[in-house]
Each structure stands twice: as structure tokens, then as C-alpha cells.
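# Examination of the molecular architecture
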Amino acid sequence: MPVYSFTYRPFEGKYLRHFRWWIVFLEEVRLWNRSRIFQILFLLGMLQPLARFLQILSYNSAMQDPNHPLAPLIRSVTWLKVNEELYYNLIRLQAPIVLLLLLYVGAGTVCTDRKNRLWDIYFSKPIHWYDYLVGKLLSVIFCGLSLTFVPAVILMFTDYVTKKSSTWTGLFSYLPVMGDSLMFSLVLVVPSALAIVAASSIFPTENITVISVITILIANTTLAGLLSNFMRDGNYMQISFPVAIYFMGQKIFNVDRNIFFRTADVSGFNMFLYIFFVSMLCLLICIFQVRKAERG
Amino acid sequence: MAILRIKNIGSLFLDIKTSFLHSLTITLRRDRFLLMAVICVLPVVIPIFVALFSRAMFRESGLEIFIRLSEQVYVHTLTPLLALFIGLIGIREEVDSLTIVYLLTRPVSKFAWIIGRFLAYMLISTFLLGVGLFSTFFACVVLGSIYVDFIGISMLLQYLGVGIMGLMGYGAISLMLGCATNYPIIIGVILFFGWEKIANVIPGIADFWTIQKYLDSMFPALASQRYNRAVMTVIGSFQKELFFVSPQRAFITLIVLTIIFLVLAIWFVLWREFTKDRVVGTR
Amino acid sequence: MDIQIETRELSKWFGEVVALNNVSVQIPSGVIGLLGPNGAGKSTFIKLALGLYRPSRGEIRILGEKPRNNFHTLQKVGYCPEMDHFVEEVSGYEFLYWLARYSGYKPKVAKKQVERAVERVSMTERMYDPIATYSKGMRQRIKIAQALLHDPEILFLDEPMNGLDPTAREELFELVISLGNEGKTVIFSSHVLHEVERVTDTVILIYNGRVLAFGKIREIRDLIKNHPRTIVIETLEPKKVYQILSVDENITTVNFDTQSLTVHTLDPMQTFKYINEVFLDEKVPIYSFRCADEDLQSVFQYLISTHIPRGL
């Protein structure tokens, strides 16, 4: 029997050596951005940034035009002011819709692949477990940041443009608040994404993943609320993961306007350690599950 | 009408028994059962923690802690969670994994299938709720002002009864959502932890469209009078005016609601086509 | 002739996609092949017959009754689905046991029925292992076993040969034939003509949601015989070959390519003979010649072109 050196036409392009996770990332984004539910949730998430956009426009025009009919009203309402706290409130109030969107996007990332036996296909390609995991995680994080950090940056730019006295060097004055917004967005989005992807790698279906994450959040927050109530000590609220994230946000933006708790008494480092520990735990679960899948 | 087309009473009971036992054997070995078991007994740590570490001069008594844990944790939080976690998922995992096609091609009445599933959910959830409530009760006894006597035990049983009524109401709605929609968890969470909470604080009679309203009416009388619901906003605060419903009426209402939602669940199973093939890789 | 399945103007559409279009057939007992390419509407037809789908128009009756939500009908039918989904962590035995219980058997009888069904598909040795550890072929056998559990009168097998090795295929062929001999109706869906031919000589041809033909395979073959067949000849001298072949009266048309020519003939056997005889004498180099339209697709193409007017 003759033996041929080439039985098929060899691949003439270049193999991706680095950034292979990009393919997984693109595939994931392609999957969810076509969904009607995602589009509706995303539009709902854009309502607040839109309102903030109008707030910035009206505030800046009122501040620069003394004859503006609404100027006295706008100046007198403190929560209409455009300052650092606006960006803190923007990201803080985005949290519920971001969580909902991340649950929608992230709950199926790993479990759907397992259910549809796509792991065999993924890992038969030159993709390692870390490419797969990084692609999946980054797609969920990207989705979260697109509703928190990205609108914040757009609003900063809007503020800069609508201020008549702006010079181009004035742009640099936004750097600190931009850094704070990025930090708070990451503190909000990254642990949530890690927790959701970890749950998705453990549980068999999207529905079970969603309800498990929600159950743990509710149980965790209820327990923290009751403990702080019975012990008459607001610090116990830190046990609640969502509250810990809010506290971190307040620390990052240096805001202390909480009705029920005094954030000044709380150690930012301890809260960071708590969030970091939970995030690392979730990351370890993800790595363990995906590596197990890669080994077959 | 297909819903009324039953073989005979004997085989109907056999079908219900099969569905019940099947659901029981599947659910008891799931990770989610363990997770819910842990969450149900978790509140026990609160009275223990208070007893060991509270340095407050006038700390809450065991009775107060038990009442608040029973109402806020077990009835208001854990019953809807159990309904979503055990009841809804019990139906939904067959639909999601597409194994429902094996059941739909068996000569089993859909009525029996749903009722069997519902009974299995009720048994498992009542067991978890009961274990949680009993352990919390005994933990609270340590703190005093509540005793293992006739009054204490009857109060415990009353809370357990209210919890079971909550499991029935929330469970029937969850089953209906599981049969009717493709995103039942999201809708369930919005309904049970969004709408229910909002409707019970905003003025007006919106709370009549919630399960919580009727559950609150069945709490021990003194406990329900402690409620002083208010909403604080940046504009001001307003107080919820409470329209009380008698426990008897609440009981009947919950039974009727349970029946209505179970009938709707059965109707959806009869009406929907669960076997539409999905393309691999899509969500 | 006892009619087991009867449809009248049966149609099913999903949104704008027409899966089954105006199908009216009367299916008798025996083994019947449901033949058609992927996406032809075979599975939709079976799901309508089982009552899993509601007809968008028309009606379907199984043993004289409408199947949807009708457990009298479901008691008499078994179904082996095409899709491969299981409760993975349970054993094959447990999976089948509960399905037997749903079929109305009491525990002891259910156990016996499971053992009997598992034996019929040669899975007795592995029945207590978790389904997650089964190979594709084993999973397929368990699916067939669950369809046989309650000894149904009508059996729907949706592409049952998927994933089976040659030995298992032979066993399944034997099983289907024996079921037919027992007097059961077996609807055997496939897109491979040879598979269907092994178990039955009666087929329903489905294409694009329409029933193109229903009858004996022999009759369909005869029908095909009457239309010109295509033969592809690979040669470096197609013009010369054409000159030689032009004397054959059976050849209707010839198409040229640089290194081949395609011939349409009314009598392929005669043309093959002619090619052999003439070219051995003429010494024209021919690398290969083959019949290009002997597959199922060409049968469909032919039936579509003769039965369905253009534009439909």
C-alpha cells in the first residue's frame, strides 16, 4: 500500500500561541449578546446611566447659566450635585441589575458546556484549561463592567465636555475618580463573576446555579442582619457579602453616609481580606472543576 | 377535557405514588438537598452566638429571638427558597435535561405526575423546615423566657403549621412557574423576594396579592401586632396601613390559591410542548 | 389491512419553519421504514404521533385515537428518542425501573420487565453501572430497552442505529425483525436506505416535510429505473470517449469537463457493458467510472422533480 507524506492540505495560517482565551471569550460574548432577555436586561441597566447623563447635563447647564429657570432648584438639591459621590451612587445602584445580568450571562457558562458535552470539543482543540477559564471569566466580567465602569467613564467625559471652562489638562482631574470607579466596579463585578462561574462549574443546570447563588446570598445577608440586630453591633453586617462590597465601595470613594452602619468603624483591610478570600475560594473551585474536565 | 380524563382511581393513586417516590429518591441524593439542609439549620447558630457572645445589657430573650427567627427567617425567607429550590427545580431539572420526554411518553396522568412531585416536595421541605424550627426552638430555650412546655410547644407547632401553609402556597406557584416559563427562577425570585416584599410595605391593598399577607395573618396574635411596616425614602417616610385578615380566612385563601396554581401547573404541562430540540451550544 | 396510524392533512410548523406539510397517510401494521435526510421531518412526524407535539393543522390518530395527552394510546406505544439525554448519575437499571413504574407496573413486575428488556438489548451485565459510564452504544441500547419495557403494540425508533457498532447493529436488526414477526408495528426512522432495507421492504419517504412516496422499496426502485441514471467517467480524453459513446442509443445527454464527462443513460447496465467492451478495444485510458446517483439523495431529487411542481 502506498504511503503518502501529505494526505491533506496542511494549514497555512498561523496558530495562535498566546491569547487563546480570546476565542473562548468571543464565543461566549457571541452567545449571550444575541439573546432577547440579555438585551432587555442590558437596556434596563442603561436606564440609570441615562438618568445620570441627564442629571449631568441639567446640573452643568444650570450651574453655568444663572438665568436658567431651574437653576435655583437644581443648586439647592444636594443629591443632584455632580461630584465623586455621583459615580459611587451610580455603581452602587447598578448592583442589583448587574447581579441579575451576571446571573443570566454567567450561570450557563460552564454547566451548559458540560450538559451539551462541549468540553470534549473545546479540549480537543489547542485550548488549555486556563484559556477556557480565563475566556469564560473575562466574558462575564466584561459584561459586568459594561454596566458599571464603562457608563461611569462616559459620564465623566460628558461632565468634562459640558463644562464650559474645561481645558484639556482638566481631563487629568478625572483620573482619581476614574481609578476609584474602576476599583469599585472590579470589587463589585469580579467576586460576583467568580462566584457565579464557580457555581456554574459545580451545579448541573443554569436554573440550579441561579437559585443556589441567590439562596447563598439571601441566607448570608439574613444571617448577618439578624446577628447584627441581636448583638446590637452593625459590624456584623460585614458577614453579608453584598454589604461587604458596599462597605468597600464606601471606603474606596471615602463616603460615609450610611443610615444604619458607620463605615468609619470598619477596617477596610479586613473587608478586603474577606472579599479576597471568598473570591479565591471561588477561583479554586473553578480551576479544580475545569482541570478535572480537561483531564477527562 | 384531557385534565379530567383519568384511568381509574386505583391506577391514579399508583401513578401519584410512583411520581412521589421517584421524586423523593432523586431529590434526596442531590447536592441541593444538602445545601438546603445546611441553610435550614443555620439559624440555630444565632441564639447560640447571642448566648455566648452578646455583651448587651438588655439582650433579646429567647422568646423574642425565636419569634423573629421563625417569622423572618423560616416563614418569610426559607419557605419561598425551599419552594424554588426543591419544588421548582424538581420539575425543572427534567425539563432542562430533556429527560421529560421519557415521562411524557409513558401512560401516566399528568395530574398524577404533578401531584406526586408536589407531595414529595412538601414532605422534604416540611422535614427540613421542621428540623430547622425544632433545633432553633431548643437553642432558644437556652436563652430563657421560653420553655419546653405546652405553651412553648404549641407556639412552635403553630409556626411549623404556618410554614407548611407557606410551603404549599409558594410551592404551587413555583411548580406553575416551572411548567409555564423558560426562566422560572428569575421570575420566582423577582416575585417572592421583590414583589412580595414591596407589596407588603407600600400603602394600599397590593399586599392582598401576596402569600406573605396570609401567612402573617396566621402568626400568633401578639406576634403579628408587633409589625409596624414603614418605608423610608429620601423624600419622606410613610407607613403601611395594615388590613388584617382572620387566620381562618387566610387558611382558606391559601388552600384555594394552592389548588388554583396546581391546576394551572397541570394545564401548562398538558398544553406545552416540552420536547423542542435545542441546538447544541445555544442557551 | 388494519390501519395503525392515520393522518389527515397533518402539518406542523415552528414559527416560520414548516417541519411537516400536509401529510395524509394510512400506516398498516408491520415494520415500516421512515426514510428521509436530516431535517426532513421524520422526528416531527414521530413526535406528533406520540402526542408530544400538537398538530398545527390536520389530525393524527394512533389506533383510532388522538394521541396527545391520551394515556390509553401511550399504553400501547413505545418510543426510542433520537436525542441522547439521561439522568446521568443513576444506573441503567434504576432509570428503567422508574420508567416501568410510570408505565403502571407494581415494583415486582417492574423489576421483571426491566430485566426482560435489558436482556433483549444485551445489557444485563452492565445494568447496575451509572449511565454516565456507558458508551454511546450502551446508551442507545438503554434507550431501546426503555421503549420495550411495557411491551408496546407500536414502537417508534427514531434513528436507533446512531452510535451502534456493527455487532450491535446486527442485533438490533434481528430485534426489529423479530418484533415485526411478533405482530408489532415498528416505525423505524433512518436516513440510510441500506439500514431500512435490512429490516423492511415498506418505506415512507419524507423530504422537506412532505411525504414523497409510500410503498415497497422495490416499487420505488422500479420508479427510479425509469429515469435516466448518471455515470461519471474520468479520462484524459473526454472528447474521444464522447465520440465512441455517442452510438449508444440509451444515452440521453452528455456533459464535458476537462478530465471527465458525465453521461445520462436510460439503461445503466447496458451502458456499463458497452463502456467495458468498446474501451477495451479502443485503448482509451479511463481512470474510473461510477454511477453518481445511486444514493438516497438522488432518489429524493428524482421524486421531487417528478412529484412536486417547480416553485413549490
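Residues numbered from 1 in each chain as written. Chains lettered and ligands numbered in written order. Predicted model: local features only at pLDDT ≥ 70, side-chain atom pairs only at ≥ 80, totals over all residues. Heavy atoms only, no water.

### A look at the overall build of chain B
This is how it is decided: The helix and strand labels rest on DSSP assignments: H or I over at least four residues marks a helix, E over at least two residues marks a strand, and numbering proceeds from the N terminus. Throughout, a contact is declared for two residues whenever any of their heavy atoms are within 4.5 Å. Working definition of accessibility: Shrake-Rupley area with a 1.4 Å probe, residue cover restricted to the visible protein chains.
In terms of regular secondary structure, chain B is built from 11 helices and 2 strands. Written out in order from the N terminus, the α and β elements of chain B read α-α-α-α-α-α-α-α-α-α-β-β-α. Considering only contacts within chain B whose residues lie at least 6 apart along the sequence, 80% involve residues at least 24 apart. Here chain B displays about 12,100 Å² of accessible surface, and carbon together with sulfur accounts for 73% of that area.

### A word on the nonpolar core
Convention followed: By convention a nonpolar core is built from buried Ala, Val, Leu, Ile, Met, Phe, Trp, Tyr and Cys residues, the set being connected through side-chain atoms within 4.5 Å. The rule is simple: take the accessible area with a 1.4 Å probe, protein chains only, and divide by the maximum for that residue type; under 20% is buried, over 50% is exposed, in between is partly exposed.
Within the largest apolar cluster, 222 residues are counted, with the highest numbers of intra-cluster contacts made by B:Ile114, C:Phe45 and C:Phe156. Among the elements that line this core, the one with the most residues is helix H4 (residues 62-96) of chain B, at 18 residues. Residues contacting C:Phe156, with those up to four places away along its chain left out, are C:Ile5, C:Ile46, C:Ala49, C:Leu50, C:Ile62, C:Val77, C:Gly78, C:Tyr79, C:Cys80 and C:Ile187.

### Topic: the side chain of C:Gln113
Residues and elements named next belong to chain C. Which entries qualify depends on this criterion: In protein, a polar contact requires one atom able to donate a hydrogen and another able to accept it; more generally it is a pair of N or O atoms within 3.5 Å, and residues adjacent in sequence count only if both atoms are side-chain atoms.
Counting through the fold element by element, Gln113 comes out in helix H4 (residues 107-120). Only 3.4 Å separates the side chain of Gln113 from the side chain of Tyr105, close enough to count as a polar contact. Excluding its chain neighbours within four sequence positions, the residues that come into contact with Gln113 are Tyr105, Leu149 and His150.

### Quick word on the domain arrangement of chain C
Buried accessible area, meaning the area lost when the parts come together, often serves as the stated size of an interface. For clarity, the cut-off: Note that the domain bounds were set by an automatic or database domain assignment.
Its domain assignment divides chain C into domain 1 (3-218) and domain 2 (227-305). A C-alpha centroid distance of 41 Å is found between domain 1 of chain C and domain 2 of chain C.

### Topic: the sheet that holds strand E14 (residues 286-291) of chain C
All names here are of chain C. The line we're drawing: Note: two strands are recorded as paired if DSSP finds a minimum of 2 bridges between them. Under this scheme, a helix contributes an axis fitted over its contacting stretch, all axes are lines through C-alpha atoms, and angles between N-to-C directions fall in the 0 to 180 degree range.
Reading across from one edge, E12-E13-E11-E14 is the order of the 4 strands in this open sheet, with antiparallel pairing throughout. Each edge of the sheet is formed by a strand with only one pairing partner; in this case those strands are strand E12 (251-256) and E14. Within the sheet, the average angular offset between the axes of one strand and its neighbour, ignoring direction, is 20°. Pairing of strand E11 (residues 229-235) with E14, which is carried by 5 bridges, proceeds in the antiparallel orientation. Paired with Ile233 across the two strands is Phe289, which belongs to E14.

### What about the sheet that holds strand E7 (residues 154-158) of chain C?
Residues and elements named next belong to chain C. With mixed pairing, 6 strands are arranged side by side in an open sheet as E6-E7-E8-E4-E9-E10. Both edges of this open sheet fall to strand E6 (77-80) and strand E10 (210-216), since each of them pairs with a single strand only. Pairwise comparison of adjacent strand axes, ignoring direction, gives a mean angle of 15° for this sheet. The pairing of strand E9 (residues 202-207) with E10 spans 6 bridges and is classified as antiparallel.

### So, the packing of helix H5 (residues 84-106) of chain A against helix H10 (residues 175-202) of chain A
All names here are of chain A. Applicable threshold: Angular relationships are summarised with four words: roughly parallel below 35 degrees, roughly antiparallel beyond 145, roughly perpendicular across 65 to 115, and oblique for the angles in between. For any pair of crossing helices, the crossing counts as left-handed if the nearer helix is rotated counterclockwise from the farther one by less than a right angle, and right-handed if it is rotated clockwise. Only Asp, Glu, Lys and Arg are considered charged, only Ala, Val, Leu, Ile, Met, Phe, Trp, Tyr, Cys and Pro nonpolar, and every remaining residue, Gly among them, polar.
In the contact formed by H5 and H10, the axes pass within 10 Å of each other and the chain directions differ by 20°. The angle between H5 and H10 places the two elements in the roughly parallel class. Relative to H10, the crossing made by H5 is right-handed. Seen from H5, the contacting residues are Glu84, Tyr87, Tyr88, Ile91, Arg92, Ala95, Val98, Leu102, Leu103 and Gly106; seen from H10, they are Val177, Asp180, Ser181, Phe184, Ser185, Leu188, Val189, Ser192, Ala193, Ile196 and Ser200. Of the residues in the contact of H5 with H10, the class split is 13 nonpolar, 5 polar and 3 charged.

### Side note on the pairing of E6(C)
Residue and element names in this part refer to chain C. Where burial is concerned, the two faces of E6 agree: the one with Val77 and Tyr79 and the one with Gly78 and Cys80 are both buried. Pairing of E6 with E7 involves 4 bridges; the strand directions are parallel. Within E7, the residue paired with Tyr79 across the bridge is Phe156.

### Some thoughts on the packing of aromatic side chains
In plain terms, the rule: Aromatic pairing here means that ring centres of Phe, Tyr or Trp (its six-membered ring) are within 6.5 Å. Orientation follows from the plane angle: under 30 degrees is stacked, over 60 is edge-to-face, and everything else is tilted.
Enumeration according to the criterion identifies 37 aromatic pairs over all chains in this entry. When the centroid spacing of 6.5 Å and the interplanar angle of 70° are considered together, the rings of B:Phe268 and B:Trp271 count as edge-to-face. Here B:Phe268 pairs with B:Trp271, and both are found in helix H11 (residues 247-271), just 3 residues apart, close to one helical turn. Overall, the relative accessible area of 17% leaves B:Phe268 in the buried class. Residue B:Trp271 is classed as partly exposed on the basis of its relative accessible area of 42%. Between C:Tyr93 and C:Tyr128, the ring centres sit 5.2 Å apart and the planes meet at 45°, which makes this aromatic pair tilted. Taken together, the residues span a long stretch of sequence, with C:Tyr93 in helix H3 (residues 92-102) and C:Tyr128 in the loop between H4 and helix H5 (136-148) at a distance of 35 residues.

### Quick notes on unusual backbone geometry
Even without a glycine there, the phi angle at A:Arg117 is positive, about 55°. Structurally, the position occupied by A:Arg117 is in the loop between helix H6 (111-115) and helix H7 (119-122). A:Arg117 sits in the partly exposed class, given a relative accessible area of 37%. Phi at C:Leu63 is positive, roughly 50°, even though this residue is not glycine.

### Concerning helix H3 (residues 47-64) of chain A
Residues and elements named next belong to chain A. This is how it is decided: Working rule for helices: expected span equals 1.5 Å times residues minus one. The arc refers to the directions leading from the helix axis to the C-beta atoms.
End to end, H3 covers 26 Å across 18 residues, agreeing with the expected 26 Å (1.5 Å per residue, within 8%). Burial in H3 covers these residues: Gln48, Pro49, Arg52, Gln55, Ile56, Tyr59, Asn60 and Ala62. Each buried residue of H3 lies within a common arc of 160° when the element is viewed along its axis, so the set occupies one face. Of the surrounding elements, those touching the buried residues of H3 are helix H2 (36-45), helix H4 (71-76), H5 and helix H9 (149-162).

### Things to note about a nonpolar patch on the surface
All names here are of chain A. Test applied: Patch members must show over 30% relative accessible area and no salt bridge, and they are joined within 9 Å when carrying like charges or within 5 Å when they are nonpolar side chains of Val, Leu, Ile, Met, Phe, Trp or Tyr. Criterion for a salt bridge: a side-chain nitrogen of Lys or Arg within 4 Å of a carboxyl oxygen of Asp or Glu.
A cluster of nonpolar side chains, Ile40, Leu44, Leu47, Leu50, Phe53, Leu54 and Leu57, forms an exposed patch at the surface whose accessible area comes to about 620 Å². By residue number, the principal contributor to the nonpolar patch is H3, which donates 5 residues. As for its placement among the helices and strands, Leu50 is situated in helix H3.

### Points about the environment of B:Ile146
Residue and element names in this part refer to chain B. Here Ile146 is to be found in the loop between helix H6 (110-141) and helix H7 (150-180). With relative accessibility at 2%, the residue Ile146 sits in the buried group. Sequence separation between Ile146 and Phe66 is 80 residues, and the spatial gap between their C-alpha atoms is 8.6 Å. With residues near it in sequence (within four places) discarded, Ile146 still touches Gly62, Leu63, Phe66, Phe137, Cys140, Val141 and Met155.

### Looking at the interface of chain B and chain C
Where we set the bar: Here's the idea: put two parts together, see how much 1.4 Å probe accessible area each one loses, and the total over both is what we call buried area.
The interface is formed by 37 residues belonging to chain B together with 34 residues belonging to chain C. In terms of surface lost to chain C, no three residues of chain B exceed B:Tyr102, B:Arg106 and B:Pro107, which account for 23% of the buried area on that side. Between B:Arg29 and C:Glu94 there is a salt bridge, with its nearest N and O atoms 2.6 Å apart. Remark: the boundary between chain B and chain C carries 15 residue pairs in polar contact (both at pLDDT 80 or more). For the side of chain B that touches chain C, the secondary structure elements donating two or more residues are helix H1 (9-28), helix H5 (100-104), H6 and H11 of chain B.

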